[in-house]
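If you want the building blocks of each chain, they are given just below.
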Amino acid sequence: MRKKKLPIGIENFEKLRLDDFYYIDKTGFIRELLYNWGEVNLFTRPRRFGKSLNMSMLEHFFSLNGDKSIFDGLEIEKETVLCEQYMGRYPVVAVSLKGMDAYSFETAYQMAVQIIIEAAAKSYFLLESEKLTEYDKAAYRRILDDSMNEGMLASSLKLLCGLLEKHYGTKVILLIDEYDVPLAKAHANGYYARMLSLIRSLLGQALKTNSSLKFAVLTGCLRISKESIFTGLNNLKVLSVTDERFDEYFGFTDQEVRSLLEYYEVPGHSDVVKQWYDGYQFGNAKVYCPWDVLNHCDRIRSNPHAQPENYWINTGSSDVVKRFIRESANAAVKREIECLVSGGVITKEIHQELTYPEIYQTTDNMFSLLFTAGYLTQRGKAQGQKMQLAIPNLAVRDIFVTQIMELLKENVRGDGDTLNRFCDALQNRDAENAEKIFTEYLRKTISIRDTAVRKEMKENFYHGVLVGILGVKDRWGISSNREMGEGYADILAEPDTGDMGIIIEMKYAGDGNLDAACREALKQIVHTRYEDGLKDDGVENILKYGIACYKKRCKIMLAE
């Protein structure tokens, strides 16, 4: 039987339902929205958690236009009274600010104008409406003018709602998706103040002084403080990742993911998918990242042996993690990062109401940004503003580790003299001095502490650190996991003298016994006959090192 298509990147609800895509039913969101009434509702969630698809679902449900059969068989269909009262009963104005990504305010402004024009053009029939005066129609034409000034742009949504109410005789539902993207881009590119003024005016008129509004729904990643954007908006209901209401409607639940994998006949991958893409806590719900799940399911359908990847980060930027790692000079913050990366939990005070200029001012604010952006998640119940934070899953952990390793590479380039001495000590059989230098380096480096992370993952981390350090010798040949003898050597370093090979086997001493771990490493080198390949190539001067690490300590042992 032919399977439904996977809805990767599909954000149009009507297209998803009509073109035979797999759909995880989130229409209960409509019921909850209407029962938990709010005149202006702001949902903050990380990117790629289904915000845009849910907004498209709302648009198609409430709109006077469109095919309502797309809701047949879905959960909301059971709510007969709500459907009779609301389905297809209202004019809807829907805009997405997601695409307002520009290097200058002027370009961003023109993008905003085009977004408004596109939304207004869906109601071109207003020019023929008998309910509107010529003055009304002239106002509508001004909304369609791509040379509109800032004053006109700021009032455009309010004006459009008023014209639609006058034409239909009913109030308007307003949907604004990713309201904060223009502010994030403006802050990154140096025109934040001008964009803040524009968005404040646009939203202020559309949401605060708009008598034609039935209700409004906004989505975004960050809850911008009221003083910055929503000044005087007393009818705003904010529903963030910590709110128990609507908690299961953004992201996939465990049962939803298991059903998806069973449908596509790959249920054996559920444990891996859980380790890599689950772990987010929204309110009381435990959810997976939908983008990661759908992409990985697509991969393993055609290749059951495909390894999990970090699909989520490929759709955006990890700049917030990069900047956080680079500004973690404080020893206490380093320990917190080490705890998080190794699967632990830390307690921090989280502020969800921030402005973009504030988010990088303090380390605590950066923790708050990491939380709201989905790089950290809540564990358990918050105690006021204090909450326990953890990295959600292996996919996000991979982002942190990647950035830590990038920083390590930068540090290697900046600390060449010390690390050259480490390499020289290895080459000169001076295990004691090499151990001293490596230990000092580990003390300055963000590393993995001894918590829940599997042993092989810890070994991989120290392996990466050592490969990075050896890279300071740009004339040396450095091989990682190279097939040698009857196995794969962790690291093979070949100095530029041409007559020497240095075989290194790494071990993580989970019990803290560094000597025993080094002896085990050396035993493995002998048992797997790593040196045979070098001897076949005429290399006689072969050094064999066992290196064991535990937290910030290491031991280096040279075979006799």
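Now for a description of the structure that goes with this document. (Residues numbered from 1 in each chain as written. Predicted model: local features only at pLDDT ≥ 70, side-chain atom pairs only at ≥ 80, totals over all residues. Heavy atoms only, no water.)

1. Looking at unusual backbone geometry
Argument step 1. Phi at F246 takes a positive value of approximately 65°, unusual for a residue other than glycine.
Argument step 2. Looking at the secondary structure, you find F246 in the loop between β6 (236-239) and α10 (254-263).
Argument step 3. Look at F246 and you get buried, because its relative accessible area is 4%.
Argument step 4. We note that K551 has phi near 55°; this positive angle belongs to a residue other than glycine.
Argument step 5. Structurally, K551 can be placed in the loop between β16 (541-550) and β17 (553-558). (Helix = DSSP H or I, 4+ residues; strand = E, 2+ residues; numbered from the N terminus. Buried < 20%, exposed > 50% of the residue type's maximum accessible area, 1.4 Å probe, protein only.)

2. A short note on the sheet that holds strand β4 (residues 213-220)
Argument step 1. The strand order across the open sheet built from five strands is β2-β3-β4-β1-β6, with neighbouring strands paired in parallel fashion. Where the open sheet ends on each side, the last strands, each with one partner, are β2 (92-96) and β6. Strand-to-strand, the axes of this sheet are offset by a mean angle of 15°, without reference to chain direction.
Argument step 2. Of the strand pairs in this sheet, β2 and strand β3 (residues 172-177) are connected by five bridges, and their pairing is parallel. (Pairing = 2+ DSSP bridges. Axes fitted to C-alpha atoms, helices over the stretch in contact; angles between N-to-C directions.)

3. Section: helix α12 (residues 290-302)
Argument step 1. Here α12 is 13 residues long and its end C-alpha atoms lie 19 Å apart, about the 18 Å a rise of 1.5 Å per residue gives.
Argument step 2. Those residues of α12 not exposed but buried are P290, W291, D292, V293, L294, N295, H296, C297 and I300. (Expected span 1.5 Å × (residues − 1).)

4. Description of the sheet that holds strand β12 (residues 386-390)
Argument step 1. Taken in spatial order, the three strands make up an open sheet running β9-β12-β11, and their pairing is antiparallel. Strands at the two margins of the open sheet, each flanked by one partner only, are β9 (346-349) and β11 (377-383). Each adjacent strand pair in this sheet contributes to an overall mean axis angle of 30°, direction not counted.
Argument step 2. Bridge count for β9 against β12 is four bridges, and the pairing is antiparallel.

5. Digging into the packing of helix α6 (residues 134-143) against helix α7 (residues 150-168)
Argument step 1. Where α6 meets α7, the axes come as close as 10 Å, and the angle between the chain directions of the two elements is 135°. By the angle between their directions, the pair α6 and α7 is classed as oblique. The way α6 lies across α7 gives a crossing that is left-handed. Facing D136, A139, Y140, R142 and I143 of α6, the residues of α7 in contact are M152, S156, L159, L160, L163 and K166.
Argument step 2. The residue inventory of the contact of α6 with α7, partitioned by class, reads seven nonpolar, one polar and three charged. (Parallel < 35°, antiparallel > 145°, perpendicular 65-115°, else oblique. Left-handed = near helix turned anticlockwise from the far one by under 90°. Contact = heavy atoms within 4.5 Å. Nonpolar A, V, L, I, M, F, W, Y, C, P; charged D, E, K, R; others polar.)

6. Quick notes on the side chain of N41
Argument step 1. Note on placement: N41 falls in strand β1 (residues 40-44).
Argument step 2. The exposure class assigned to N41 is buried, which follows from its relative accessible area of 1%.
Argument step 3. Among the polar contacts made by the side chain of N41, one reaches the main-chain carbonyl oxygen of G38 at a distance of 2.8 Å.
Argument step 4. Apart from residues no more than four positions distant in its own chain, N41 is found in contact with L33, F215, A216, V217, L218, K237 and L239. (Polar contact = N/O pair within 3.5 Å; in protein donor to acceptor, adjacent residues only side chain to side chain.)

7. Here's the deal with the packing of aromatic side chains
Argument step 1. Summed over the entire model, instances satisfying the criterion amount to 33 aromatic pairs.
Argument step 2. Here F49 and F282 contribute two aromatic rings whose centre-to-centre distance is 5.3 Å and whose plane-to-plane angle is 55°, an arrangement assigned as tilted. You can see F49 sitting in the loop between β1 and α3 (51-62) and its partner F282 sitting in strand β7 (residues 280-282), a full 233 residues away along the chain.
Argument step 3. Judged by relative accessible area, F49 falls into the buried class, the value being 1%.
Argument step 4. Note on F282: relative accessible area 3%, which makes it buried.
Argument step 5. Aromatic rings pair up to connect F13, Y23, W37, F61, F62, F71, Y86, Y90 and F215 into one cluster.
Argument step 6. The residue whose ring lies beneath K5 is F21, and the NZ or CZ to ring-centre distance is 4.5 Å.
Argument step 7. Between the NZ or CZ atom of R48 and the centre of the ring of W291, over which it lies, the distance is 4.0 Å. (Phe/Tyr/Trp six-rings, centres within 6.5 Å; stacked < 30°, edge-to-face > 60°. Lys NZ or Arg CZ within 6 Å of the ring centre and 35° of its normal.)

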